[in-house]
Amino acid sequence: MSRAAQIIPDILKYTLWETPLPDYLLNEGEISVEEWQVVHSLARRQGVSAIAFEGMMRGKVAIPRAMKMRFISTTDSVEQEYERKKQALLKVARLGNEHGFKLMILKGLGLSLSYPTPQHRPSSDNDIWFFGRQREADR
């Protein structure tokens, strides 16, 4: 595994479980801009960029300013998408409630509540359970 690929799990372990950060992440200039670009690209593809950035900021990881700005932009996008999905889910819940349907949030937004900062966990869609009344709720 390349060092750039190892950076992500090292930061995620710190963010999610508060394991100590390796020294190489705290030393200015230890990681090249090119390696940070790979880290950012991998983190985006794996859907963990906002979670990783949260740990970088909390742990005072030595990250070049230009890369920090990229992570800020990506994190902002993840947060906006989370809010959009949350509002859609609230709308469905209100509509369901008006028509007598109970619902349970599955995966996605529901699982995000287990994370230190829920809006940093991206999800692909909103999965909901209507307690066996799916067809009726669809109508």
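Here goes a summary of the coordinates provided. (Residues numbered from 1 in each chain as written. Predicted model: local features only at pLDDT ≥ 70, side-chain atom pairs only at ≥ 80, totals over all residues. Heavy atoms only, no water.)

As a further point, take the pattern of salt bridges. Throughout the structure, instances matching the rule amount to nine salt bridges. Put simply, Arg3 and Glu30 hold a salt bridge, and the shortest N to O gap is 3.7 Å. Here Arg3, found in helix α1 (residues 3–17), pairs with Glu30, found in the loop between α1 and α2 (33–46); they are 27 residues apart in sequence, far enough to count as distant. Looking at Glu30, the relative accessible area reads 37%, which means it is partly exposed. (Salt bridge = Lys/Arg side-chain N within 4 Å of Asp/Glu carboxyl O. Helix = DSSP H or I, 4+ residues; strand = E, 2+ residues; numbered from the N terminus. Buried < 20%, exposed > 50% of the residue type's maximum accessible area, 1.4 Å probe, protein only.)

At a closest axis distance of 10 Å, the pairing of α2 and helix α4 (residues 65–98) adopts a crossing angle of 10°. One element, α2, and the other, α4, form an angle in the roughly parallel class. Seen from α2, the contacting residues are Trp36, Gln37, Val39, His40, Ala43 and Arg44; seen from α4, they are Met67, Arg70, Phe71 and Thr74. The class makeup of the residues in the contact of α2 with α4 is five nonpolar, three polar and two charged. (Axes fitted to C-alpha atoms, helices over the stretch in contact; angles between N-to-C directions. Parallel < 35°, antiparallel > 145°, perpendicular 65-115°, else oblique. Contact = heavy atoms within 4.5 Å. Nonpolar A, V, L, I, M, F, W, Y, C, P; charged D, E, K, R; others polar.)

Treat this as a map of the structure, not an account of what it does.
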